[in-house]
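Okay, here's what each chain looks like letter by letter:
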Amino acid sequence: MVEAKKLTAQDVHDLIADYMNDEHVKKVDKAYQFAFHLHQEQKRKSGEPYIIHPIQVAGILAELHMDPDTVVAGYLHDIVEDTTATLADVEQAFGHDVAVIVDGVSKLSRIKYKSSREQLAENHRKLLLAMSHDIRVIIVKLADRLHNMRTLSALREEKQRRIAAETLEIYAPLADRLGIMTIKWELEDMALRYLNFDAYHDIAKSMDLRRQERLEIVDEAVDEIKHSITDLHLANTEVYGRPKHIYSIYRKMVDKNKRFEEIYDLLAIRVLVDTIPETYAVLGAIHARWTPMPGRFKDYIALPKANGYQSLHTSVIGPGGRPLEVQIRTYKMHEIAEYGIAAHWAYKEGNFAGADVQNADQQKLNVIQGILELQDDAQDADDFMESVKGDLFTD
Ligand code: GDP
């Protein structure tokens, strides 16, 4: 796991100045000043000034290129709970949308998750979604949780385990549901580190030991694939080895009862291209060159996943008889694959300017539709609350 760099308010300013106009940059900077004054006397468990936390949360949101109101809400997400400021103050200074997001995040923070029974976890996730009238509430909450996980070492062991379990059962699946995979993967890896340090450590160490050897084999496979698609004369292709995450290796070892090598040594390659017809052309070239493995082809382009994920998946008997998993997608699909719904809320200027505009809009509708269905499911929130009262929640 790469340690995340601690950002300063200046870093956040620089990040947003890269993609927002001056007026929006000013609004975000004003939110920093606002939060700075309100949190001035407070410290985190680690003993650091409290403001470091909202700065990191705003920074995570800025790295996702979120819109100004979301980054502002990142700065302000704790002020109603923890300082003298009220929601009305937030609304007056930053407008209605920011107030709605801050209110939503504050409300979610008050719900405590206690049970790890699967059905209750699913209900809890639905409830969080239903309570978030604006999906940006969940995005801020995920950024908040991500920074809390990055700094979990400051807490007592029992609390570390409780928060790590909640992260794994509630927040990582929520990130998955919204397709924000960069956050999901990091949350899972960190949660595993606190819940099962030995497994985390063993896998991380084994990955380190085999890294060089694996890089070489991956490079060879990448070259072979590049070679096999040269006849297609594609203008703008990228072919690379797909990174593997500790938690997903761990899960596969446990679920499929496999050894580390059996999972880690499987080659996973990704091909990025400009257009949808090119994805199918690449697939054709790969299947013409190597024998596909039965039952392993999935067309998530024609049939996207509920979270908006699109890609072609295939596994072939690759170079040297090694199984080779290949994912093929457009650059636009790749952005959605990594950032999910956050990509749809990303700052608009210059975004979605590519060839996939209509497609992106359709995906956005699909994802939102999926979330609304979940929210509908959770409309029985009253019954649900009755059924779990005293079990799942405090106050
Ligand atoms: P399948 O058996 O081919 O449908 O795929 P799996 O569910 O086993 O996933 C295989 C790989 O596909 C994962 O390791 C991810 O790299 C990728 N994948 C599957 N679903 C998603 C998704 O929703 N988002 C993203 N970003 N990647 C996904």
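Located above this text is the structure these notes cover.
Novice: Describe the packing of aromatic side chains, and please don't skip the residues or the numbers.
Specialist: Remark: the centre distance and the inter-plane angle together describe each pair of aromatic rings, the angle taken between the planes. Summed over the entire model, instances satisfying the criterion amount to six aromatic pairs. Considering the side-chain rings of Tyr32 and Phe36, the 5.9 Å spacing of their centres and the 45° angle between planes classify their relative orientation as tilted. Within this pair, Tyr32 and its partner Phe36 are both found in helix H2 (residues 22-39), separated by four residues, close to a single helical turn. Assessed through its relative accessible area of 18%, Tyr32 is described here as buried. On the accessibility criterion, Phe36 (27% relative accessible area) is partly exposed. When the ring of Phe34 is compared with that of Phe94, the centres are 5.2 Å apart and the planes differ by 90°; the resulting orientation is edge-to-face.

Novice: Explain the nonpolar core residue by residue, including any values.
Specialist: Among the nonpolar cores identified, the biggest contains 68 residues, and Val71, Tyr75, Leu76, Ile138 and Ile183 are the most heavily contacted of them. With eight residues, helix H9 (residues 136-150) is the largest single contributor of residues to this core. Of all hydrophobic cores here, the second largest spans 22 residues; its members include Leu267, Val282, Leu324 and Met333.

Novice: Give me the lowdown on unusual backbone geometry, citing residues and values where you can.
Specialist: Located in the positive-phi region is His65, a residue other than glycine, with phi close to 60°. Positive phi, normally seen in glycine, also occurs at Asn257, with a value near 55°. Judged by its relative accessible area of 71%, Asn257 falls in the exposed class.

Novice: An account of the side chain of Thr83 is needed here, citing residue identities and associated values.
Specialist: With respect to the helices, strands and loops of the structure, Thr83 is situated in the loop between helix H5 (79-82) and helix H6 (87-94). Of note is the side chain of Thr83, whose polar atom sits 2.7 Å from the backbone oxygen of Ile79. Excluding its chain neighbours within four sequence positions, the residues that come into contact with Thr83 are Leu38, His39, Gln42 and Asp78.

Novice: Tell me about the site of the ligand, residues and numbers included.
Specialist: All residues adjacent to the ligand are Met181, Arg242, Lys298, Tyr300, Lys305, Asn307, Tyr309, His313, Gln327 and Ala337. In the model, an oxygen atom of the ligand is placed 2.3 Å from a nitrogen or oxygen of the Tyr300 side chain. One of the side-chain nitrogen or oxygen atoms of His313 is found 2.8 Å away from an oxygen atom of the ligand. With the chains in place, 71% of the 560 Å² that the ligand exposes on its own is no longer accessible.

Novice: Tell me about helix H3 (residues 52-63), and name the residues and values.
Specialist: If you check H3, its first and last C-alpha atoms are 16 Å apart, about what twelve residues at 1.5 Å a residue would give, namely 16 Å. Along its buried surface, H3 packs onto helix H1 (9-17), H2, helix H4 (68-76), H9 and helix H11 (181-195). Where H3 ends, the next residue or the one after it, His65, has phi of about 60°, a positive value.

Novice: Break down the environment of Ile135 for me, with residues and values.
Specialist: Topologically, Ile135 is positioned in the loop between helix H8 (118-131) and H9. In this structure Ile135 comes out as buried when scored by relative accessible area, which is 9%. Sequence spacing of Ile135 and Ile101 is 34 residues, and the spatial spacing of their C-alpha atoms is 8.6 Å.

Novice: An account of H1 is needed here, citing residue identities and associated values.
Specialist: Taken together, the buried positions of H1 are Ala9, Val12 and Ile16. Within H1, the buried residues cover an arc of 55° as seen down the axis, which keeps them to one side. In the core, the buried residues of H1 are packed alongside H2, H3 and H4.

Thresholds, definitions, all that
- Residues numbered from 1 in each chain as written.
- Predicted model: local features only at pLDDT ≥ 70, side-chain atom pairs only at ≥ 80, totals over all residues.
- Heavy atoms only, no water.
- Phe/Tyr/Trp six-rings, centres within 6.5 Å; stacked < 30°, edge-to-face > 60°.
- Helix = DSSP H or I, 4+ residues; strand = E, 2+ residues; numbered from the N terminus.
- Buried < 20%, exposed > 50% of the residue type's maximum accessible area, 1.4 Å probe, protein only.
- Core = buried A, V, L, I, M, F, W, Y, C linked by side-chain atoms within 4.5 Å.
- Polar contact = N/O pair within 3.5 Å; in protein donor to acceptor, adjacent residues only side chain to side chain.
- Contact = heavy atoms within 4.5 Å.
- Near = heavy atom within 4 Å.
- Areas by Shrake-Rupley, 256 points an atom, 1.4 Å probe, with all protein chains shown as cover.
- Expected span 1.5 Å × (residues − 1).
- Arc of directions from axis to C-beta.

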